[in-house]
Amino acid sequence: MAERHEVDLAIVGAGPAGLYATYYAGFRGMSVAVIDSLPEAGGQIAALYPEKAIYDIAGLPAVRGQELVDALLTQAATAKPTFLLGQSAIELTCAEDHVLIGTDTGTEVRAAAVLLTAGIGTFTPRELPVGSGHLGRGLRYFVPRLEELAGQEVVVVGGGDSAVDWALALEPYASSVTLVHRRPQFRAHEHSVTQLHDSTVRVLTPYEVCGIDGEQHIEAVQIAEVRGEGRQTLPAQAVVAALGFIADLSAMEQWGLEMRRRHIAVDRSMRTNLPRVFAAGDITDYDGKVRLISVGFGEAAAAVNNLAPLVNPALGTVPGHSSDAA
């Protein structure tokens, strides 16, 4: 039976801008539902570089990606939001007094306003060609908590920054880490590749995964030489498939939004051309746009304050000082 939710504000995108908007909407007294195609909140940061240091967050000289996401989730929890993760917003219908969103799982969300914080669009991992049936049983596409794989034999698949970063980050936790890539060359940053070769991570190229063994859980990974007859069986309890992600804006492009260079056009109040629909973060475009996480936080707050009168005419756009709310 399809889920139905009715809230003041529906936020599409659970990245940094969406999580901060969730907190801020709660601060303004709104009920919130957050929709994201990924199974974990955090957007690109959690999926691609949770162990990377981020240096452009005000007040934090340096912070790991996952630490930032964890802090944003703690802050957002004060709004008591409804998280609808692992499902994509595919339909949006604007009415005089509400907006209706439908997801690919059949969930419906009715809201007084919508805030789009979808980054570069619906963000889905490229699937490992074999072994997709092991998803959730040892196969994963990102690792929100490194300690989840402590003591396990881990196989990382891929040759980009994400694959190399995962392999290096897991080295202190896993009992062994093997990186499998189908080409001898890596697409990752040169310094990271140097670190990889200086580490204890076993690097196997040019190989590709041709099978995964195990009934209830992964027990071994079969790999084959790309241009040759070599085959190996690697004992493993976990496979991290870091093959990249696909960004898809096709659903939003069907909603009637004004788009500029694959981004949503907004005005100074973060309004789109659709009634009751606002946007913030990397998904937006306007003259002078700067794509920084810190800028996205400001846009999220501006959007929530400007949509507040649509939720409750008594709210107004001036929020007052947060220190006065204690």
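Please read these numbers as outputs of a predicted model, since none were measured by experiment.

## Some remarks on the sheet that holds strand β20 (residues 263-265)
Strand order across the open sheet formed by three strands is β19-β20-β22, with mixed pairing between neighbours. The outermost strands of the open sheet, each flanked by one partner alone, are β19 (259-260) and β22 (284-285). Where β20 meets β22, two bridges bridge the pair, whose relative direction is parallel. By the bridge assignment for β22, alanine 265 is matched with aspartate 285.

## Quick word on the UniProt feature "binding site: FAD" (unreviewed entry) in the protein
Per the UniProt record, the feature "binding site: FAD" (unreviewed entry) sits at Asp36, Gln44, Tyr49, Ala89, Phe123, Asp282 and Ser323. Among the residues just listed, Asp36, Gln44, Tyr49, Ala89, Phe123 and Asp282 line the largest pocket. Positionally, aspartate 36 belongs in strand β2 (residues 32-36). Judged by its relative accessible area of 9%, aspartate 36 falls in the buried class. Excluding residues within four positions of it along the chain, aspartate 36 makes contact with Gly13, Ala14, Gly15, Leu84, Leu85, Gly86 and Gln87.

## Topic: the environment of glutamate 219
Topologically, glutamate 219 is positioned in the loop between β14 (207-213) and β15 (220-225). Given a relative accessible area of 54%, glutamate 219 falls into the exposed group. Sequence spacing of glutamate 219 and threonine 117 is 102 residues, and the spatial spacing of their C-alpha atoms is 39 Å. Not counting the four nearest positions on each side in its chain, glutamate 219 is found in contact with Asp213, Gly214, Pro235 and Ala236.

## Details of the pairing of strand β1 (residues 4-12)
In this sheet, strand β8 (residues 108-116) lies alongside β1 in parallel orientation, the contact comprising eight bridges. Across the sheet, residue arginine 4 finds its bridge partner in β8, namely glutamate 108. Bridge count for β1 against β2 is four bridges, and the pairing is parallel. Among the inter-strand pairings, isoleucine 11 is bridged to a residue of β2, identified as valine 34. Handedness of the crossover joining β1 and β2 through helix α1 (residues 16-27): right-handed.

## Observations concerning unusual backbone geometry
Across the junction of threonine 205 and proline 206, the peptide omega takes the value -15°, indicating a cis bond. In this structure, arginine 261 is a non-glycine residue whose phi angle is positive, near 50°. Counting through the fold element by element, arginine 261 comes out in the loop between β19 and β20. In this structure, arginine 262 is a non-glycine residue whose phi angle is positive, near 65°. Within the secondary structure, arginine 262 is located in the loop between β19 and β20.

Each value, and the rule that gives it
Residues numbered from 1 in each chain as written. Predicted model: local features only at pLDDT ≥ 70, side-chain atom pairs only at ≥ 80, totals over all residues. Heavy atoms only, no water. Pairing = 2+ DSSP bridges. Helix = DSSP H or I, 4+ residues; strand = E, 2+ residues; numbered from the N terminus. UniProt positions renumbered as here; feature names shortened; annotations may be inferred. 1 Å grid on protein atoms, 1.4 Å probe; cavity = no way out; pocket = protein on both sides within 12 Å on 5 of 7 lines; lining within 4 Å. Buried < 20%, exposed > 50% of the residue type's maximum accessible area, 1.4 Å probe, protein only. Contact = heavy atoms within 4.5 Å. Right-handed = clockwise from strand over helix to strand, strands pointing away.

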